[in-house]
Structure formats: structure tokens, C-alpha cells
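Observations on the model geometry
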Amino acid sequence: MGFTGHNLRMKPYQFFRLDRVGVVDITGDDREAIVHNLTTNEIKSLEVDQGCETFVTDVRGKTLAHVMLYQLEDRIRMIGPHGPSTSVAEHVDRYTIREDAVAKVRDDDFCAIVLDAESAGKVLPDAVAKGSTARRVIEIGQQVVDAYTVPWLGDGTTVLLVESAKAESLAEQLVNSDVTEADEQAFHYRRIRSRFPWYGRDLDETNLPQEADRDASAISFTKGCYLGQETVARLDALGQVQKKLVCWKIENGDRTRRVETSEMRTQSDSAANDATDCETTAGKTAECETTASETTDCETVTGGITTRDDASADNCSHDSKARAGINVKAGDKLDADSKTVGRLTSVAVGDDGTIIAIGFARRSHFEAGSVAKGTDEVSGDVYTAIVSDCG
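In this report, we go over the structure that sits alongside the text. Just so it is clear, the structure is predicted and the values come from calculations on it, not from any experiment. Position numbers for residues count from 1 along each chain, tracking the sequence in the order it is written. Residues qualify for local features only when their pLDDT is at least 70, as the model is predicted, and side-chain atom pairs are given and counted only at 80 or more; totals for whole chains, interfaces and linings, by contrast, use all residues. The basis for every side-chain value is the complete set of non-hydrogen atoms in the structure, without hydrogens or water.

**As for the sheet that holds strand S1 (residues 14–18)**
Spatially, S8-S9-S10-S7-S1-S11 is the arrangement adopted by the 6 strands of the open sheet, whose pairing is mixed. Of all the strands in the sheet, just strand S8 (135–140) and strand S11 (180–182) have a single pairing partner and so form its edges. Neighbouring strand axes in the sheet, compared pairwise and without regard to direction, differ in orientation by 35° on average. As defined by bridge partners, strand S9 (residues 143–150) adjoins strand S10 (residues 157–163) across 5 bridges and the pair is classed as antiparallel. Only when DSSP finds a minimum of two bridges between them are two strands counted as paired. Helix and strand assignments follow DSSP, with helices taken as H or I runs no shorter than four residues and strands as E runs no shorter than two, numbered in order from the N terminus. Lines fitted to C-alpha atoms define the axes here, with helix axes fitted over just the stretch in contact, and angles between the N-to-C directions of these axes take values from 0 to 180 degrees.

**A look at the state of the cysteines**
A pair of cysteine sulfur atoms is labelled a disulfide when the two atoms are within 2.5 Å. Considering all chains together, one arrives at 1 disulfide under this definition. The disulfide bridge from Cys247 ends at Cys390, spanning 1.8 Å between sulfur atoms. With the S-S bond torsion at -100°, the cross-link from Cys247 to Cys390 turns out left-handed. Within this pair, whereas Cys247 is found in strand S12 (residues 243–251), its partner Cys390 is found in the segment after strand S23 (382–388), the two being separated by 143 residues in sequence. Under the relative-accessibility criterion, Cys390 is labelled buried at 6%. Burial classes: relative accessible area under 20% of the type maximum marks a residue as buried, over 50% as exposed, and values in between as partly exposed (1.4 Å probe, protein chains only).

**So, helix H5 (residues 184–193)**
Within H5, 8 of the 10 residues are buried, leaving the element largely enclosed by the surrounding structure. Taken together, the buried positions of H5 are occupied by Gln185, Ala186, Phe187, His188, Tyr189, Arg190, Arg191 and Ile192. Polar contacts, as counted here, are pairs of nitrogen or oxygen atoms within 3.5 Å of one another; within protein the pair requires one atom able to donate a hydrogen and one able to accept it, and residues that are adjacent in sequence qualify only if both atoms are side-chain atoms. Near the N-terminus of H5, the side chain that reaches the backbone nitrogen of Gln185, with its oxygen 3.2 Å away, is that of Asp183. Residue Arg195 follows H5 closely and has a positive phi angle near 60°.

**Notes on the sheet that holds strand S3 (residues 51–57)**
Whether parallel or antiparallel, the strands of a sheet pair through hydrogen bonds between backbone atoms. Read across the open sheet, the 5 strands follow the order S3-S4-S5-S2-S6; overall the sheet is antiparallel. Either end of the sheet is taken by a strand with one partner, and the two such strands are S3 and strand S6 (102–105). Between one strand axis and the next, the sheet turns by 30° as a mean value, whatever way the strands run. Alignment of strand S4 (residues 63–71) against strand S5 (residues 76–81), held across 4 bridges, turns out to be antiparallel. Within S5, the residue paired with Leu69 across the bridge is Met78. For this analysis, residues touch if any pair of their heavy atoms sits within 4.5 Å. Running at roughly 170° to S6, helix H2 (residues 85–94) makes contact with strand S2 (21–27), S3, S4, S5 and S6 of the sheet.

**Remarks on the pairing of S1**
Across the 5 residues of S1, 5 count as buried, placing the element largely inside the fold. Side-chain alternation along S1 places Gln14, Phe16 and Leu18 on one buried face and Phe15 and Arg17 on a second face that is also buried. Pairing of S1 with S11, which is carried by 3 bridges, proceeds in the parallel orientation. Its bridge partner lying in S11, Gln14 is registered against Thr180. With 4 bridges connecting them, S1 and strand S7 (residues 110–115) associate as antiparallel partners. The residue of S7 that forms the bridge with Phe15 is Leu115.

**A few points about the pattern of salt bridges**
Salt-bridge detection follows one rule: a side-chain nitrogen of Lys or Arg within 4 Å of a carboxyl oxygen of Asp or Glu. Per the counting criterion, the structure on display carries 20 salt bridges. Notably, a salt bridge pairs Arg77 with Asp25, separated by 2.7 Å at the nearest N-O pair. Residue Arg77 is located in strand S5, and its partner Asp25 is located in strand S2; the two are separated by 52 residues in the primary sequence. Of the two residues, Arg77 and Asp25, both sit in the buried class. Between Lys329 and Glu377 there is a salt bridge; the shortest N-O distance is 2.9 Å. Taken together, the residues Lys329 in strand S18 (residues 325–329) and Glu377 in the loop between strand S22 (371–375) and S23 connect sequence positions 48 residues apart. We classify Lys329 as buried; its relative accessible area is 14%. Residue class for Glu377 comes out exposed when judged on its relative accessible area of 62%. Ionic contacts of the salt-bridge type, sharing partners, join the residues Asp25, Asp49, Asp74, Arg75, Arg77, Arg106, Asp109, Arg135 and Asp146 into one network.

See below:
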């Protein structure tokens, strides 16, 4: 699947369809006690249909998942990125001895349709209270859907968790309500702008919860004992971790933007070849076709690389030639004073060509305005990364 420039434009109302989303349901009379013992946030105080953000931790205090957790009438439901669901279910089973608690992976049963606060306000029947993380049942057209408020794209983001077989029908209903469908890459651009980390891209089982910089939202330091709590409490007592996720703004002058994200790098070669071709290699420029004649620039994926050409170039939508550019990708190391001070984990490009990223920074670079340098491994050119709020 290719990503064209018009898909990243900021439309007044948009929805993002995630065909792969993580869902784990925990049932049984003892589910609350078991899940309480495996997560960082306070869940026992949640009323039915209330939710919270939390980490699932192991005995070392490392993160096995970063999820939204909801207390439903007959189950606890975790919703998050696709990937760690099986590990979470096995983790629950491992620490359930005689208690009545069963975890079931539901990833294949659902997909997620995500709306930011503005778009949700247009198409959903009831307003969501600011700061809310709750579940409600709503009706869109002829479909009854579970709607969950999450912080993925900022306050008021809503996830419609829909059965996979009914997703296309619901998407059509939203389009008929003048809400534009955008692709997953556009979703991650908005997510990065909101500084929300995505497990499997920005975090994995090697990270401690505080390294995500989500303490206020996802960690309770008063809930009492849980698996890994000693490590989390010790870090809190020390006052600061050695590294944490920050938002980086990439500056590379007036150049063609070329971005490789972790999503793109996992696509197969055959899928990548289906994208519009706008690749510049070793001074040779391939022809570029665009699927949207109204676009003023070109952004495509070829061989895992997204190439963006400014409207002033004379291929793509304006018959301009792509110029040599900087290749910025997830995994790039950032240096300052001959030391590695950061690493990019998620990268995306905006409609105006601005490149933003989430990535780790060392303590010396926690503050906004901190500067580091990255290197294009292909050309050897250097780009500048500045710690920013990315908003």
C-alpha cells in the first residue's frame, strides 16, 4: 500500500482505520484482583464503563504492554497496539493460580476506527467530558458500536471498536457524514504530534514505564503492591530516569523530505512496489506518478522510503524533478558533543514537509530546545534534531 501526499493533509474532519489493533478481555470473578497485581495504574476504583491508561509490567518492572484499560460489566478490556496481546494473555495466565480469571486475545475480532475530538464531536451523538477515558454504546446509522475515549490523538480522541466484518460498512457511514478517511500513516503523524508513544515502535519489553514519560497518566504511586512495583517506586524516589521519550523536530533545510518509518519498513517489497514511484537514487530520478491531481506535492513509498517533493520541483504533480534529500528513519541515532544522546523511534512527515519524531533522549537533552545531530546513512549528510512539543 502506498501513502500519497493528500492522505496526510489536515482535513476538517477525519477518521483513521486501524485494521490491526490489540484487544484482550479478562473475565472471571477474580479478574480485578489479578489485573490490579499486573498493572501500574489504580484500577480497583474504576466504575463500570470507566477506563484508564496503564502499563502491564513484569517482575523486573519492565513494560510488557502499554494499553487503555476499561472496567466493563462482565470483563476488563485492554485496548492498545497490535502485537503484545498474546504475551499479555500468557502473563495473566501465568500469575493466575487458583483464582478465577481468564484472558482471551480478541485482536482478530475487531478493528479500530479512530476520530480526533473535533471529528468525534461532529459524528457522535454525545459530547465527551474533557479528560474522560470512558466507554459508551452509540448508534451510527444502523450500527450499534462501542466507543472508547483514549488519548492517542490528544484529549477527546474516540476509538470505535467494531467487528472486523462490519468495519467497511461503518466507514461508509462516516464518509456519508462528510468525514474523510485517512490512512494509518496519517494516524501516526497525528499521534506523534500528540506525543503519544506506540508500543512496539516507541516502547518494548526492555523499557521501564517511566521512560515513556507518561507517569501522570499511566502510573499510580499510591496503589500498593503489583508486579515490578519495587523498581517503579525506586525510580520515582531517585527522581529521574536516565532516558525518556521526547518529541523531536527535524530540520534539514529546503530539501526533499525522505522519511522511513517502522510501519513502512515492515511492508513487503511487493506492497511497497505498488506505491507511486518518486525515488531519487545516486543522481538518477525516476518518474513520479500521483493519484491525486489536486495535490501540490508528492509523497510516496518506494522500497520502504517515503519521498516528499516540494511543489516548486518540476516532476510529480507539477512535472518537477526530485532533488537530493535527507533520509530520516526510525532507529537513527542522535549525537551531541561526540556522544550519542538520542534515538528516533517513530518518524512522520507533515503536509508542509515538516518532519517530526518521537524518540529517546538522554538526561542532557530532556529540555525543550535541546539540539542533536543525526546522519543520513545513505548520503552521509547531517540533519538537526531539536527537542520540541511537536504540537
